[in-house]
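A closer look at the structure
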Amino acid sequence: MTPKPAAAAAHATVYGYPRQGQNRELKKAVEGYWKGRVDAEALRRTAAGLRRTNWQQLADAGVDEVPTGDFSYYDHVLDTSVMVGAIPARHQDAVDADALDGYFAMARGTQDVAPLEMTKWFDTNYHYLVPELGPDTVFTADSAKQVAEFKEALALGLTPRPVLVGPVTYLLLAKAAPGVAAGFEPLTLLDRLLPVYAEVLADLRAAGAEWVQLDEPALVQDRTPAELNAAARAYRDLGALADRPKLLVASYFDQLGDALLVLAKAPVDGLALDFTDAAAANLAALAAAGGLPGKRLVAGVVNGRNIWINDLEKSLATLGTLLGLADRVDVSASCSLLHVPLDADAERDIDPQIARWLAFARQKTEEIVTLARGLSRGTEAIGAELAANRADLASRTNSPITHDPAVRARTAAVTDADGRRSQPYPERAAAQRAHLGLPLLPTTTIGSFPQTTELRTARADLRAGRIDQAGYEERIKNEIREVLSFQEKAGIDVLVHGEPERNDMVQYFAEQLTGYLATQHGWVQSYGTRYVRPPVLAGDISRPEAMTVRWTAYAQSLTERPVKGMLTGPVTMLAWSFVRDDQPLGETARQVALALRDEVGDLEANGTSVIQVDEPALRETLPLRAAEHAAYLEWATESFRLATAGVRADTQIHTHMCYAEFGDIVQAIDDLDADVISLEAARSHMQVARELAAHGYPREAGPGVYDIHSPRIPSTEEAAALLRKGLEAIPAERLWVNPDCGLKTRGWPETRTSLENLVAAARTVRDELPAS
């Protein structure tokens, strides 16, 4: 379909942009501030420079309206808590003493005060800090950040649009504060919160804002009538404000469903909707609702979560249809570009053929501008771009990189029996107890140990040719020996080799599997200053040779205690990569699972009796709509079992998950049929242990007693107290003692003390158990 030119020129815009800078300048500045090497003023200058660079890049590309307020030192939900004055009582003194230090105390905690809980932002790998609210919460407006950043962009001669987390989503993401009576619903605070939003909107209007964007992604999830009524009330009240900017309510990640009618009828001035494949139903739903007469529609037709080039002709067809459904149609990505790397042109080592298929934030911005021009002026205005796009799409479709007949034949031959252990769990548990000889409350860690400066230097030296492969491997051996020696002296029961050879838990495997490619500069924020480089799933997956056996076997040769083999599971290999969009996710997961099955078999054959296959992303990849859960969980759990089911009864299979809401996937955790699962639990005060108990989970579990995402060192008594809480839900014969997650980001001094305290806590509580 060739769209008719829009009656008014379509504008190009985005909802948000990567924060870190081309060379992760923000990470370096913030971490420098934490270490005292960078003062507050220097940190603010760096942040201001990054914002200015981002806005200028967008403007130079042809974006008409730039977002402000989306920039954050750590997390935009935490910024919202500051904006509405929702400061936990335990952090108030720190905030009063120094606003910046108090902000980071809420994010990371201090030695004396625990941080806010952290969990996944919908079904992405971004983590947000969970607001803590209660019936006594008093909201107060603080619009300083939002107004200041708006004025910064305005001073550059740009058209800024402030972006705020909407009030309904903010409350739906919040949790009851510690000590608040069970059953408290943060959404009951809506009427108390709305006047604060009204004050912020008035401040932005006074500063000159014409439009303000209110993000309400929580409305794409299944919502109760009461929650939909709350959304209707919120936007009725905000829309009725006498002196306000125009309101653009944005949703993304999925279709709006019943909430679409609520927002379409609300007295707001525009809606921003996702029209990519995950939310394609929004188009028919919008037409059925009668469109948005008298309102602005911002159409998210460029996928903001993946890195493949847009099908420009398909997007233009969608935009052409939308022209008849709103007074004004503008073009955007489906969500903030926070979720993709900054610039594909920085990747010099990628096969030129594959590079033609990639679009990072800057390239997506160019696609948005091209589509806006085509919508405004007709397809003849972008004829050259359309021809090049057609050629690039055809190149990918027809490439032998994307299709391996041997891999496809193997996946087609999989049977149900391939995904089942040969013995039921009770028989396996008895065989494993006899084989491993572990005590009650066995101690272990999740896998990684601190990635020291020396290790990173060794990898850099190898890449630069300053040391040879033999010299590098000797450094790795030295690190493994040190890690094992510490664990033995500390009294840990099941050891790990520490993963010194690994750069990242997904990238390390991706670099050794066919079908994957790695980037050099494709950094994406996971949380705070933690950035990852998700690999790219470009073609069919297979394992040319063993990936972990050598170093695991070397570590086992140094000790009599069991050393865990450490692998990343198939769902996480997909979730923390940029996945193919040309075949079902379940098919890709099966390919990865078969490659891992080969690795599990080789580990077992080389003497590894405990093998951990991590699936921290199982919950985060759960579709946002309940109707889609069953199909996802079927292929997700099947792929895990396919990777792990081929081992003997006395080989113990572990898995690990962290920083997610587990209550609604406990049956899926059961369906994995792992012998032991370790989970994040320290910040949530053992909530997951209670959820497992309520389900009747029959296997062994290790709810974490050490929060590794904070620099705090938990005392022996603190860890013991959590462990006792765990025992209220899980019997001692099935309870493990471990940290929440891997120790890669921690330093050695805090790691040593924390793990020594963890082992001491296990011994203390073990001694308290009644004699059997």
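Our structure's up above, just so we're on the same page.
Residues numbered from 1 in each chain as written. Predicted model: local features only at pLDDT ≥ 70, side-chain atom pairs only at ≥ 80, totals over all residues. Heavy atoms only, no water.

Observations concerning the overall build of the protein
This is how it is decided: Secondary structure follows DSSP: runs of H or I at least 4 residues long count as helices, runs of E at least 2 residues long count as strands, and numbering of each begins at the N terminus. Atoms counted for the radius of gyration: C-alpha only. Globule rule: 2.2 Å times the number of residues to the power 0.38. Relative accessibility decides the category of a residue: with a 1.4 Å probe and only protein chains considered, values under 20% of the type maximum give buried, values over 50% give exposed, and everything between is partly exposed. The contact criterion used throughout is that any non-hydrogen atoms of two residues lie within 4.5 Å. Only the protein chains shown count as cover for residues, and all accessible areas are computed by the Shrake-Rupley method using a 1.4 Å probe.
Secondary structure assignment for the protein yields 28 helices and 20 strands. Computed over the C-alpha atoms, the radius of gyration of the protein is 26 Å, within 12% of the 28 Å expected from 2.2 N^0.38 for a compact globule of 772 residues. Across the 772 residues in the protein, those meeting the buried criterion constitute 62%. Summarising the internal contacts of the protein: among those between residues at least 6 apart in sequence, 80% fall at separations of at least 24. For the protein, the accessible area works out to roughly 28,100 Å², and carbon and sulfur atoms hold 51% of it.

Concerning the sheet that holds strand E1 (residues 66–68)
Worth spelling out the cut-off: In short, DSSP must find at least two bridges between two strands for them to pair. Fitting a line to C-alpha atoms yields each axis, with helices limited to the stretch in contact; the angle taken between N-to-C directions then spans 0 to 180 degrees.
One open sheet holds the 7 strands; their spatial order is E1-E5-E7-E8-E9-E10-E11, and the pairing between them is parallel. Because the sheet does not close on itself, it has two edges, and the strands there are E1 and strand E11 (326–333). Looking at each pair of strands side by side, their axes are set apart by 30° on average, direction ignored. Across 3 bridges, strand E8 (residues 246–250) lies against strand E9 (residues 270–274) in parallel orientation. Each bridged residue has a counterpart across the sheet, and for alanine 250 the counterpart in E9 is alanine 272.

What about the sheet that holds strand E20 (residues 700–703)?
In space, the 5 strands of this open sheet follow the order E16-E17-E18-E19-E20, with parallel pairing throughout. Looking at which strands have only one partner, the edges of the open sheet turn out to be strand E16 (564–568) and E20. If you compare each strand with its neighbour and ignore which way they point, the axes differ by 20° on average.

Regarding the packing of aromatic side chains
Put simply, the rule reads: Any pair of Phe, Tyr and Trp rings, taking the six-membered ring for Trp, is counted once the centres come within 6.5 Å. Such a pair is stacked with planes under 30 degrees apart, edge-to-face with planes over 60 apart, and tilted for the rest.
In total, this model carries 17 aromatic pairs according to the counting rule given. Judged by centre distance (6.3 Å) and plane angle (45°), the ring pair of tryptophan 34 and tyrosine 74 falls under tilted. Of this pair, tryptophan 34 sits in helix H1 (residues 25–34) while tyrosine 74 sits in the loop between E1 and helix H3 (76–83); the two residues are 40 residues apart in sequence, bridging distant segments of the chain. For tyrosine 74, a relative accessible area of 3% puts it in the buried group. Here phenylalanine 71 and tyrosine 73 contribute two aromatic rings whose centre-to-centre distance is 6.2 Å and whose plane-to-plane angle is 75°, an arrangement assigned as edge-to-face. For the pair phenylalanine 71 and tyrosine 73, one class covers both residues: buried.

Points about helix H24 (residues 629–644)
The line we're drawing: Helix span, as expected, comes to 1.5 Å for every residue beyond the first.
Along its 16 residues, H24 runs 23 Å from first to last C-alpha, staying within 8% of the 22 Å computed at 1.5 Å per residue. Of all 16 residues making up H24, 12 are buried, and the element is well covered by its neighbours. Among the residues of H24, His629, Tyr632, Leu633, Trp635, Ala636, Thr637, Glu638, Ser639, Phe640, Leu642, Ala643 and Thr644 are the ones counted as buried. Contact partners of the buried residues in H24: helix H22 (570–575), helix H23 (585–605), strand E17 (610–614), strand E18 (652–657) and helix H25 (666–671).

Quick notes on the pattern of salt bridges
Our working rule: Salt bridges are counted wherever a side-chain nitrogen of Lys or Arg sits within 4 Å of a carboxyl oxygen of Asp or Glu.
Within the structure shown, the criterion is met by 52 salt bridges. Its salt-bridge partner being glutamate 210, residue lysine 246 comes within 3.6 Å of it at the nearest N-O pair. With lysine 246 in strand E8 and glutamate 210 in the loop between helix H8 (190–207) and strand E7 (211–215), the pair connects residues that are 36 residues apart, well separated along the chain. A relative accessible area of 36% means that lysine 246 is categorised as partly exposed. Residue aspartate 670 pairs with arginine 699 through a salt bridge whose shortest N-O separation is 2.4 Å. One end of the pair, aspartate 670, is in helix H25; the other, arginine 699, is in the loop between helix H26 (687–695) and E20, with 29 residues separating them in the sequence. As far as burial versus exposure is concerned, aspartate 670 and arginine 699 are alike and both buried.

A short note on the environment of glycine 498
By the secondary structure assignment, glycine 498 is in the loop between helix H19 (469–490) and helix H20 (507–510). The exposure class assigned to glycine 498 is buried, which follows from its relative accessible area of 3%. Along the backbone, glycine 498 and proline 450 are 48 residues apart, and their C-alpha atoms lie at a distance of 7.8 Å.

Remarks on the pairing of E9
Here is the rule we go by: Orient the strands so they point away from the viewer; a crossover is then right-handed if the path from the first strand over the helix to the second runs clockwise.
Counting buried positions over the 5 residues of E9 gives 5, a clear majority of the element. On E9, burial covers both faces: Gly270, Ala272 and Asp274 on one face and Leu271 and Leu273 on the other are all buried. Handedness of the crossover is the feature at issue here: the chain leaves E8, passes through helix H10 (residues 259–265), returns alongside E9, and the resulting connection is right-handed. One ladder, built from 5 bridges, connects E9 with strand E10 (residues 292–302); its direction is parallel. Each bridged residue has a counterpart across the sheet, and for aspartate 274 the counterpart in E10 is glycine 300. Handedness of the crossover joining E9 and E10 through helix H11 (residues 281–288): right-handed.

Concerning the environment of proline 267
Inspection of the secondary structure puts proline 267 in the loop between H10 and E9. Proline 267 sits 35 residues away from alanine 232 along the chain, and the two C-alpha atoms are 9.5 Å apart. Not counting residues within four places of it along the chain, the set of residues in contact with proline 267 comprises Tyr235, Arg236, Gly239 and Arg244.

Digging into the side chain of threonine 608
Here threonine 608 is to be found in the loop between H23 and E17. Its relative accessible area of 4% is what places threonine 608 among the buried residues. Excluding residues within four positions of it along the chain, threonine 608 makes contact with Thr552, Val563, Lys564, Gly565, Leu603 and Thr651.

So, unusual backbone geometry
With phi around 55°, phenylalanine 122 is a residue other than glycine that occupies positive phi space. For phenylalanine 122, the location among the structural elements is in the loop between strand E2 (118–120) and strand E3 (127–129). Within the chain, leucine 441 stands out as a residue other than glycine whose phi angle is a positive 50°. Relative to the assigned elements, leucine 441 resides in the loop between helix H17 (425–436) and helix H18 (453–464). A residue is classified by how much of its surface remains accessible, and leucine 441, at 0% relative accessible area, is buried.

Structural notes on the packing of helix H16 (residues 405–412) against H23
Helices that pack against each other are described as a pair by the angle of their axes relative to one another and the distance between those axes. Applied cut-off: Reported orientations rely on four angle classes, namely roughly parallel under 35 degrees, roughly antiparallel over 145, roughly perpendicular from 65 to 115, and oblique for the rest. Amino acid classes used here: Ala, Val, Leu, Ile, Met, Phe, Trp, Tyr, Cys and Pro are nonpolar; Asp, Glu, Lys and Arg are charged; the rest, including Gly, are polar.
Viewed as axis vectors pointing N to C, H16 and H23 meet at an angle of 90°, and their least axial separation amounts to 10 Å. Considered as vectors, H16 and H23 are oriented roughly perpendicular to each other. Contacts from Val407, Arg410 and Thr411 of H16 reach H23 at Glu587, Arg590, Gln591, Leu594 and Asp598. Among the residues making up the contact of H16 with H23, the classes are represented as 2 nonpolar, 2 polar and 4 charged.

Overview of the side chain of threonine 402
Here threonine 402 is to be found in the loop between helix H15 (383–397) and H16. A residue is classified by how much of its surface remains accessible, and threonine 402, at 0% relative accessible area, is buried. Dropping the residues within four chain positions of it, threonine 402 is found in contact with Trp357, Arg396, Thr397, Arg408, Ala538, Gly539, Asp540, Arg580 and Asp582.

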